[in-house]
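# Breakdown of the fold
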Amino acid sequence: MRSPRTRHVLRTGLLVLAIDGVVGASPQQPLVFSSHVQAVLVDALVTQNGRPVSGLTAADFEVRDNGVLQTIDLLDAANLPINAVLALDTSASTAGARLRNLTAATDALLDGLRPVDRAALTTFSDVVSPRVPLTPDLESIRGALRSIRPNGETAALDGIYAALTATLAETGRSLLVICTDGQDTRSWLDPDELVAAARRSNAVIDVVATGSARRWPVLRNLTDATGGRTIAVESSAQIRTQFESVLSEFRSRYVLTFVPTGVAEDGFHQLDVRVHGNRFVVAARPGYVSGGSAAN
């Protein structure tokens, strides 16, 4: 049964982004989004030789919005709460050791959260189950995961979308962690609709992929749209290490904010985030959508 029309308002730092959409729409009734941006927040990961770089200031960064240089501020990321949203594949193929490894990985990620942080859990198989909304009660996440009995196919696109909505209307920084061992077999949503939703959110999406999911380009499109990473692992035994790495890396990101100046309000804005000099690699979302345009 399809969900009714919903309205969400995302508030992260100084960003206010209103999103309208139809959850579970058919291909004949695509999702429609509209947004209004008052200020833009960008999570940026800066690395050198594959390692996060610390100690940078706002003066070290250069941000261009549609080619126009912007005046930026650097927020204190250490004082911003984290919303860690988990979207986990619990289809039949995850039974046994895979589920045990996934549970251990989730425990490790939850262990890394602070009292000020929150977590949420959505699982997907034949159906999408938003099991636990964002909460500081991490034991409820652990309990829900241990009650799962894997079965059915993989509605990955619908499950990821449902998890993404958990980041809306929330303060703090949002990290969406997706783990799946297969490609989608059951969803209503089109991949392009999901990627468009990710571009309009303010979450960083990281994916840990095993099995055939390692070869599914949709996952990389999602992470590229938000400045996150797709991590392919050979064995489910490696998921725990990657979950820990995802959280540690997210904590090392810089949080930049600016009020768009000198650019048109509506439409897709291309972002170019750099650090002065050529020594560093910067990973950040490639853009954002402003105004009433639904352009991708």
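In what follows, the accompanying structure is described. Everything numeric in this text was worked out from a predicted model, so none of it was measured. (Residues numbered from 1 in each chain as written. Predicted model: local features only at pLDDT ≥ 70, side-chain atom pairs only at ≥ 80, totals over all residues. Heavy atoms only, no water.)

## A look at the overall build of the chain
Heads up, the condition is: Secondary structure elements follow DSSP: runs of H or I of four or more residues count as helices, runs of E of two or more count as strands, with numbering from the N terminus. A 1.4 Å probe rolled over the protein chains alone gives each residue an accessible area, and that area as a share of the maximum for its type sets the label: buried under 20%, exposed over 50%, partly exposed in between. Working rule for contacts: check all heavy atoms of both residues, and any pair within 4.5 Å makes them a contact. Areas reported here follow the Shrake-Rupley algorithm with a probe of radius 1.4 Å; residue values treat only the protein chains shown as occluding.
Secondary structure assignment for the chain yields 6 helices and 17 strands. A total of 296 residues make up the chain; the buried ones form 54% of that total. At a minimum sequence separation of 6, the contacts of the chain that also span at least 24 residues come to 75%. Accessible surface computed for the chain: about 12700 Å², of which carbon and sulfur atoms make up 50%.

## Some words on the sheet that holds strand β13 (residues 230–232)
For clarity, the cut-off: The pairing criterion is simple: DSSP has to find at least two bridges between the two strands. Think of each axis as a best-fit line through the C-alpha atoms, taken over the contacting stretch in the case of a helix, with angles from 0 to 180 degrees between the N-to-C directions.
Read across the sheet, 6 strands follow the order β10-β9-β8-β11-β12-β13 without closing on themselves; strand pairing throughout is mixed. Looking at which strands have only one partner, the edges of the open sheet turn out to be β10 (128–135) and β13. With direction set aside, neighbouring strand axes in the sheet form an average angle of 10°. Contacting β11 (173–180), β12 (204–209) and β13, helix α5 (residues 217–226) crosses the sheet at an angle of about 150° to β12.

## Some details on the side chain of Thr257
Our working definition: Polar contact is defined as a pair of N or O atoms within 3.5 Å, subject to the rule that within protein one atom must be able to donate a hydrogen and the other to accept it, and that residues adjacent in sequence are counted only when both atoms are side-chain atoms.
Relative to the assigned elements, Thr257 resides in strand β14 (residues 254–258). From its side chain, Thr257 meets the backbone oxygen of Val40 in a polar contact 3.0 Å long.

## Section: α5
It helps to recall that an α-helix has 3.6 residues per turn; residues three or four apart then point in one direction. Where we set the bar: Of all possible arcs, the one meant is that of the directions from the helix axis to the C-beta atoms.
Along α5, the positions that sit buried rather than exposed are Val218, Leu219, Leu222, Thr223, Ala225 and Thr226. Each buried residue of α5 sits inside an arc of 160° when the element is viewed along its axis, so together they form one side. Looking at the residues trailing α5, positive phi occurs at Gly227, about 80°.

## Comments concerning the side chain of Thr103
Its location among the elements puts Thr103 in helix α1 (residues 97–111). We classify Thr103 as buried; its relative accessible area is 11%.

## Overview of the sheet that holds strand β17 (residues 287–290)
Reading across the sheet, the 4 strands line up as β6-β5-β15-β17 and stay open at both edges, with antiparallel pairing between neighbours. Each having just a single partner strand, β6 (68–69) and β17 make up the two edges of the open sheet. Of the strand pairs in this sheet, strand β15 (residues 267–275) and β17 are connected by 4 bridges, and their pairing is antiparallel. Looking at the pairing, His269 lines up with Tyr288 of β17.

## Description of the pairing of β12
Inclusion rule: Look down the strands so they point away from you; if the path from the first strand over the helix to the second goes clockwise, the crossover is right-handed.
Taking burial as the measure, the 6 residues of β12 include 6 buried ones, the bulk of the element. Burial of β12 is two-sided: the residues Val204, Asp206 and Val208 facing one way and the residues Ile205, Val207 and Ala209 facing the other way are all buried. As judged from the 6 bridges shared by β11 and β12, these two strands associate in the parallel manner. By the bridge assignment, Leu175 is partnered in β12 with Val204. Regarding topology, helix α4 (residues 191–200) serves as the crossover connection from β11 to the parallel β12, and that connection is right-handed.

## Quick notes on the pattern of salt bridges
The following threshold applies: When a carboxyl oxygen of Asp or Glu lies within 4 Å of a side-chain nitrogen of Lys or Arg, that pair is called a salt bridge.
Under the criterion given, the structure shown has 15 salt bridges. In this structure, Glu234 engages Arg214 in a salt bridge whose closest nitrogen and oxygen atoms are separated by 2.9 Å. Highlighted residues: Glu234 in the loop between β13 and α6 (239–251) and Arg214 in the loop between β12 and α5, separated in sequence by 20 residues. Assessed through its relative accessible area of 68%, Glu234 is described here as exposed. Of the residues examined, Arg214 reaches a relative accessible area of 30% and is grouped as partly exposed. For Glu244, the salt bridge goes to Arg240, with nearest N and O atoms at 3.6 Å.

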